[in-house]
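Listed below, chain by chain, are the residues.
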Amino acid sequence: MVSVLFLMIIAGNETTTKLLGNALYWLWRNPGARAAVRRDPTLVPGWIEETLRYDGSTQMLARTVRGQLSFHGHTLRDGERLLLLIGSANRDERAFEDPDVFDVRRDASAHVAFGKGTHFCLGASLARLEARIALEEVQARLPDFEIDAPGLARVHSVNVRGFSSMPIEFTPRGREGAP
Ligand code: HEM
């Protein structure tokens, strides 16, 4: 029980935190997408899914082969270790048109940022909910946020994609439209 709870804390903390930073960063880098989300807040879930696809906070998974299997013309043997590059799969042009374009309107639902199959992320729904609430609030309260590019610092990790520092400037305000 303790190890399961520990896994949930580790698996659920940094991944979601980095997702929020990545979402802000890529919206800021894409003024067209930013204007679209500002005009139409119902695009926030699309913004989140596209961030997961385009620059997911988990980049790779490991597996150990059981038995022998054939995969794309290769024979994999019992006990071999595999590194699955899900960040790369999410840019596969056979699955996504113009994969290197950040498009908050695309159907990104085929992405594998939360894995796939038996070990599909236990916290995917929670992460999506947390991100939606946080980013809707950012849109409503800090719509003019600007990232201080020289202050950006990336996490130094082969697996975790995201920022350890992201200074932003904004004009404090209540929710847009609120009196
Ligand atoms: C953006 C946020 C998140 C991302 C990108 C993410 C990504 C992933 C991925 C790729 C896997 C598959 C691991 C594998 O197949 O080996 C996974 C599994 C898992 N995730 Fe997440 N995760 C996120 C948020 C969360 C949250 C919020 C929680 C918990 C509250 C969580 C708990 C877990 C657990 C317990 C597993 C293992 C599931 C199993 O092995 O059956 N994750 N996650």
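Before going into details, it helps to say that this report is about the structure given with it.

Reading the values: rules and limits
Residues numbered from 1 in each chain as written. Predicted model: local features only at pLDDT ≥ 70, side-chain atom pairs only at ≥ 80, totals over all residues. Core = buried A, V, L, I, M, F, W, Y, C linked by C-beta atoms within 7 Å. Buried ≥ 20, exposed ≤ 12 C-beta atoms within 10 Å, placed from the backbone. Helix = DSSP H or I, 4+ residues; strand = E, 2+ residues; numbered from the N terminus. Contact = placed C-beta atoms within 7 Å. Near = placed C-beta within 6 Å. Nonpolar A, V, L, I, M, F, W, Y, C, P; charged D, E, K, R; others polar. Axes fitted to C-alpha atoms, helices over the stretch in contact; angles between N-to-C directions. Parallel < 35°, antiparallel > 145°, perpendicular 65-115°, else oblique. Left-handed = near helix turned anticlockwise from the far one by under 90°.

### Points about the nonpolar core
- Counting 17 residues, the largest nonpolar core has A23, W47, I48 and A131 as its most contacted members.
- Of all the secondary structure elements, the ones that give two or more residues to this core are α1 (2-29), α2 (31-39), α3 (44-55) and α5 (124-141).
- Sort the elements by how many residues they give to this core and α1 lands first, with five residues.
- If we ignore the near neighbours within four places in the chain, the residues touching I48 are A23, R128, A131, R132 and L135.

### Quick notes on the site of the ligand
- As a structural note, the neighbourhood of the ligand is formed by 20 residues, with G12, T15, G115, C121 and G123 the closest of them.
- Within the residue set of the shell around the ligand, elements represented by two or more residues are α1 and α5.
- Of the residues in the shell around the ligand, the class split is 11 nonpolar, nine polar and no charged.

### Some points on the packing of α3 against α5
- One can describe the packing of α3 onto α5 by two numbers: an axis separation of 9 Å at closest approach and a directional angle of 120 degrees. The angle between the axes of α3 and α5 places the two elements in the oblique class. For the pair α3 and α5, the sense of crossing is right-handed. Residues V44, P45, W47 and I48 of α3 pack against R128, A131, R132, L135, E136 and Q139 of α5.
- Among the residues making up the contact of α3 with α5, the classes are represented as six nonpolar, one polar and three charged.

### So, the environment of R66
- Here R66 is to be found in the loop between β1 (61-64) and β2 (69-71).
- Residue classification places R66 among the exposed residues on the basis of 10 C-beta atoms within 10 Å.
- Distance from R66 to R77, taken between C-alpha atoms, is 7.6 Å for residues 11 residues apart in sequence.

### Focus on unusual backbone geometry
- Despite not being glycine, H72 shows a phi value in the positive range, around 50 degrees.
- For H72, the position within the fold is in the loop between β2 and β3 (74-76).
- Residues other than glycine seldom take positive phi values, yet D98 does so here, at roughly 45 degrees.
- Locating D98 in the fold gives a position in the loop between α4 (86-89) and α5.

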